[in-house]
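Read off the chains here:
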There are 2 protein chains.
Amino acid sequence: MEYLADCRARLAFDLLANTWNGVVVWALRHGPQRPVTLRKRIGGISAKVLNETLRRLEDSGLVVRQAYREAPPRVEYRLTRLGESLLGPLETLGTWAETHGDEVVVR
Amino acid sequence: MEYLADCRARLAFDLLANTWNGVVVWALRHGPQRPVTLRKRIGGISAKVLNETLRRLEDSGLVVRQAYREAPPRVEYRLTRLGESLLGPLETLGTWAETHGDEVVVR
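First things first, this report covers the structure right here in the doc. (Residues numbered from 1 in each chain as written. Chains lettered and ligands numbered in written order. Predicted model: local features only at pLDDT ≥ 70, side-chain atom pairs only at ≥ 80, totals over all residues. Heavy atoms only, no water.)

1. Let's talk about the packing of helix 6 (residues 87–100) of chain A against helix 6 (residues 87–100) of chain B
Part 1 of the reasoning: Close contact between helix 6 of chain A and helix 6 of chain B brings their axes to 9 Å; oriented N to C, the two are set at 165°. Accordingly, the angle class assigned to the pair helix 6 of chain A and helix 6 of chain B is roughly antiparallel. Crossing geometry of helix 6 of chain A relative to helix 6 of chain B is assigned as left-handed. Each of A:Pro89, A:Thr92, A:Leu93 and A:Trp96 in helix 6 of chain A lies in contact with helix 6 of chain B, whose residues at this interface are B:Pro89, B:Thr92, B:Leu93 and B:Trp96.
Part 2 of the reasoning: In terms of residue class, the contact of helix 6 of chain A with helix 6 of chain B is made up of six nonpolar, two polar and no charged. (Axes fitted to C-alpha atoms, helices over the stretch in contact; angles between N-to-C directions. Helix = DSSP H or I, 4+ residues; strand = E, 2+ residues; numbered from the N terminus. Parallel < 35°, antiparallel > 145°, perpendicular 65-115°, else oblique. Left-handed = near helix turned anticlockwise from the far one by under 90°. Contact = heavy atoms within 4.5 Å. Nonpolar A, V, L, I, M, F, W, Y, C, P; charged D, E, K, R; others polar.)

2. Notes on the pattern of salt bridges
Part 1 of the reasoning: Summed over all chains, the structure comprises eight salt bridges over all chains.
Part 2 of the reasoning: Close ionic contact of A:Lys48 with A:Glu52 constitutes a salt bridge, the shortest N to O distance being 2.7 Å. Placement of both A:Lys48 and A:Glu52 in helix 4 (residues 47–60) is noted, with a separation of four residues, approximately one turn of the helix.
Part 3 of the reasoning: On the basis of relative accessible area, A:Lys48 is assigned to the exposed category, the value being 59%.
Part 4 of the reasoning: In this structure, B:Arg74 engages B:Glu70 in a salt bridge whose closest nitrogen and oxygen atoms are separated by 2.9 Å. (Salt bridge = Lys/Arg side-chain N within 4 Å of Asp/Glu carboxyl O. Buried < 20%, exposed > 50% of the residue type's maximum accessible area, 1.4 Å probe, protein only.)

3. Side note on unusual backbone geometry
Part 1 of the reasoning: With an omega of -5°, the peptide bond between A:Ala71 and A:Pro72 qualifies as cis.
Part 2 of the reasoning: With respect to the element layout, A:Pro72 can be found in the loop between strand 1 (63–68) and strand 2 (74–79).

4. Describing the pairing of strand 2 of chain A
Residues and elements named next belong to chain A.
Part 1 of the reasoning: Relative to strand 2, strand 1 runs antiparallel, the two being bridged by six bridges. Bridging across to strand 2, Gln 66 finds its partner in Glu 76.
Part 2 of the reasoning: Where strand 1 hands over to strand 2, the hairpin turn is made up of five residues, counted between the paired strands. (Pairing = 2+ DSSP bridges.)

5. Considering the packing of helix 2 (residues 19–27) of chain B against helix 3 (residues 35–42) of chain B
Residue and element names in this part refer to chain B.
Part 1 of the reasoning: Contact geometry of helix 2 with helix 3 gives a least axis separation of 10 Å together with a crossing angle of 110°. With respect to their mutual orientation, helix 2 and helix 3 come out roughly perpendicular. Two packed elements cross with a definite hand, and for helix 2 against helix 3 that hand is right-handed. Across the interface between the two elements, Trp 20, Val 23, Val 24 and Ala 27 of helix 2 pack against Leu 38, Arg 41 and Ile 42 of helix 3.
Part 2 of the reasoning: Of the residues belonging to the contact of helix 2 with helix 3, the class tally is six nonpolar, no polar and one charged.

6. Considerations on the environment of B:Gly83
Residue and element names in this part refer to chain B.
Part 1 of the reasoning: In this structure, Gly 83 sits in helix 5 (residues 81–85).
Part 2 of the reasoning: For Gly 83, a relative accessible area of 0% puts it in the buried group.
Part 3 of the reasoning: The spacing of Gly 83 and Val 63 is 20 residues in sequence and 6.2 Å in space, taken between C-alpha atoms.
Part 4 of the reasoning: In this view, Gly 83 contacts Val 25 and Leu 62; residues no more than four positions away in its chain are not counted.

Structure follows, in structure tokens:
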């Protein structure tokens, strides 16, 4: 597969160009979650950045927002089928990092 | 695998946070290449950005530079074993993009 600057694979790299995209998709792998729980699971992400990431993932069709008419109102996010389909590549990448993380020199 | 903000898997996502890192590693999968050939294969990358990317990949231990004392002097870049180990995850990501590229809405 030839990866030229303007081709489809670039899209996957661009999607992961924002590190939080991959992290948030992975954090949703076990099912719907409320933002507050997501923030706890992920750690180190501000409410603002989490909201922006969820909005971006929603716009890309990877995540869907579910609002419940309760008092107080409840909102959950879950992966779409497209979002779930990204879990495989994310796991492969994560496994690579677990195995080789120490070898990569981060400057 | 829990992906927290400060853990090893973040490193893989950070590595791919620069889209050109993944593209250049993938373009080197068939063996050593000179920058001028790499630029043709990749398309859409400037000499400056390619050089910066190769330097960054070299610093991370994913690529190695080979200079030949010839007239004119010749330089090639090739993947290290660590760089080669990243080809698997990159291929999985690329295949995902080929399959699902059209479903992802890019805003």
